[in-house]
Amino acid sequence: MKPIQSIGVIGGGQLGRMFALDAKRMGYHVVTLDPHEHSPCGQVADEQIVAAYHDLAAIEELGRSSDVITYEFENIDIESVRHLESLSYRVAPASRVLSVTQNRLFEKQFARDAGLPTTDFARVQTAGDLAGAAERFGFPAILKTVHGGYDGKGQWQVNSLEQALAAVNAARGAELIFEKEVSLACEVSVIATRNAQDEIVAYPVAENAHERGILTMTVAPARIEPGLAAKAQAMATLVGRGLGIVGTYCTEFFVSTDGELLVNEIAPRPHNSGHYTIDVTPCSQYEQHIRAICDLPPSPPRLLANAIMMNVLGEGTGDHLAGIAELLSDPSIVLHVYGKRHAVARRKMGHFTMLVDGPVDDAAIARARSALAKLRWTA
Ligand code: ADP
Ligand code: MG
């Protein structure tokens with residue numbers, strides 16, 4: 001097979017940008033496709049095709065310019081990936097992976113079939129379905145759109161049948177999943193990479209804090225018992241193998257207050273909770289992804305320092321990030337900014353990694369939180 005020189009990336013967001021930065025360092029030509037000009041990835045890629053994700057002519061152009069094509073965002077049009085495959089272009093991960101992970105019902109059913117526990121769930125489209133699910137599982141619950149949600153979008157936390165009915169009405173006929181709300185001890189994730197030879201490497205388990213459905217902080221390694229961490233890594237390995245993923249992927253878990261590990265979501269791409277790997281491991285989740293899709297050997301993950309990753313979210317108060325000098329007066333901090341023009345409220349604009357000597361404790365987390373508070377968005 002001809003060596004890979006050019007990589008195509010569908011989606012031009014920050015994950016594509018960090019992927020492209022590593023790909024450029026390794027000497028690849030990078031072409032991205034995104035509907036918006038000057039996308040975060042487009043700013044660092046060699047070329048950007050400005051087109052909709054479902055524009056098959058543009059997708060074919062991406063195929064012609066690339067030796068392998070990947071994606072950085074999983075809500076892209078699956079037909080585009082199938083189209084590339086039908087023309088024998090190399091795409092990783094394959095469309096059959098997306099067909100499972102783009103559908104919250106298929107994703108949970110896949111986990112169950114692989115012997116991995118999940119929260120109780122049911123498909124809901126009508127008031128009748130809802131009454132059945134409510135009766136079987138009770139409240140509190142979360143209703144989520146089966147397709148297309150991310151960062152807590154398309155979700156309704158409900159405590160009664162009345163609230164759940166209001167959510168079903170708000171969803172206007174969209175297919176929903178009813179999930180029993182898990183009483184959470186914490187949330188964790190495992191970033192792993194699998195290649196076509198079925199070699200799998202997994203990073204240490206990361207611990208994630210969310211606010212209103214959006215990731216705000218990752219602590220690596222997670223402050224959980226080693227036995228539970230090993231179990232999460234083994235479960236993540238089963239996920240990658242079961243789906244036949246080629247590339248970096250993330251398995252998100254709930255740790256219930258009963259100490260049970262439940263699979264929440266699978267993202268067949270590098271993930272926000274793996275950003276810390278850029279700064280505290282020799283080979284980031286992005287480089288692992290490049291290695292996997294280019295048929296290169298994986299790098300066994302090695303944590304050179306413990307880390308706290310804080311997301312920098314927009315606030316809707318202006319597009320200029322102030323306080324960077326104050327933030328960087330702490331020598332343990334590395335800042336990443338994604339080059340997005342508008343700091344809309346709750347939009348992921350950047351992140352920083354704080355390198356921590358010794359175990360991550362409450363004092364280190366307090367230090368990271370007060371570092372984040374030095375940043376503000378101004379006009
Ligand atoms: P997204 O695609 O938006 O990341 P998730 O299903 O991961 O969707 O939900 C986002 C967050 O909402 C989770 O990380 C968790 O904090 C909370 N959440 C979602 N589903 C449940 C549930 N069944 N029980 C408890 N918390 C949940
Ligand atoms: Mg999630």
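None of these values were measured; they are calculated from a predicted model.

**Points about the overall build of the chain**
Phase 1 of the analysis: For the chain, the helix and strand inventory stands at 12 helices and 19 strands.
Phase 2 of the analysis: For 379 residues, the compact-globule estimate of 2.2 N^0.38 gives 21 Å, and the C-alpha radius of gyration of the chain, at 20 Å, lies within 12% of that figure.
Phase 3 of the analysis: Principal axes of the C-alpha set define a box for the chain whose edges measure 55 × 55 × 45 Å.
Phase 4 of the analysis: Of the contacts made within the chain by residues no fewer than 6 positions apart, 63% connect residues no fewer than 24 positions apart.

**Examining the packing of aromatic side chains**
Phase 1 of the analysis: Evaluation of the coordinates by the stated rule reveals four aromatic pairs.
Phase 2 of the analysis: Note on Phe-139 and Phe-178: the rings are 5.9 Å apart at their centroids and 70 degrees apart in plane angle, and the pair reads as edge-to-face. One end of the pair, Phe-139, is in the loop between helix H6 (127-137) and strand S6 (141-145); the other, Phe-178, is in strand S8 (residues 176-180), with 39 residues separating them in the sequence.
Phase 3 of the analysis: By relative accessible area, Phe-139 is classed as partly exposed at 29%.

**So, the coordination of the magnesium ion (ligand 2)**
Phase 1 of the analysis: Bound to the magnesium ion (ligand 2) are the protein donor atoms Glu-252 (OE), Glu-252 (OE) and Glu-265 (OE), situated 2.1 to 2.7 Å from the metal. Of the two residues, Glu-252 sits in strand S13 (residues 247-256) while Glu-265 sits in strand S14 (residues 261-267), which places them 13 residues apart along the sequence.
Phase 2 of the analysis: For Glu-252, a relative accessible area of 11% corresponds to the buried category.
Phase 3 of the analysis: The class for Glu-265 is partly exposed, based on a relative accessible area of 21%.

**Section: the site of ligand 1**
Phase 1 of the analysis: Around ligand 1, the structure places 20 residues, and the nearest of them are Lys-144, Gly-152, Val-182, Glu-187 and Glu-265.
Phase 2 of the analysis: The separation between a nitrogen atom of ligand 1 and a polar main-chain atom of Val-182 is 2.8 Å.
Phase 3 of the analysis: The set of elements that each furnish at least two residues to the shell around ligand 1 consists of S6, S8, strand S9 (184-194), S13 and S14.
Phase 4 of the analysis: For the shell around ligand 1, the per-class residue count stands at five nonpolar, six polar and nine charged.

About the cut-offs
- Residues numbered from 1 in each chain as written.
- Chains lettered and ligands numbered in written order.
- Predicted model: local features only at pLDDT ≥ 70, side-chain atom pairs only at ≥ 80, totals over all residues.
- Heavy atoms only, no water.
- Helix = DSSP H or I, 4+ residues; strand = E, 2+ residues; numbered from the N terminus.
- Rg over C-alpha atoms; globule rule 2.2 N^0.38 Å.
- Contact = heavy atoms within 4.5 Å.
- Phe/Tyr/Trp six-rings, centres within 6.5 Å; stacked < 30°, edge-to-face > 60°.
- Buried < 20%, exposed > 50% of the residue type's maximum accessible area, 1.4 Å probe, protein only.
- Donors = N, O, S within 2.8 Å, 3.2 Å for Na, K, Ca; no water.
- Near = heavy atom within 4 Å.
- Polar contact = N/O pair within 3.5 Å; in protein donor to acceptor, adjacent residues only side chain to side chain.
- Nonpolar A, V, L, I, M, F, W, Y, C, P; charged D, E, K, R; others polar.

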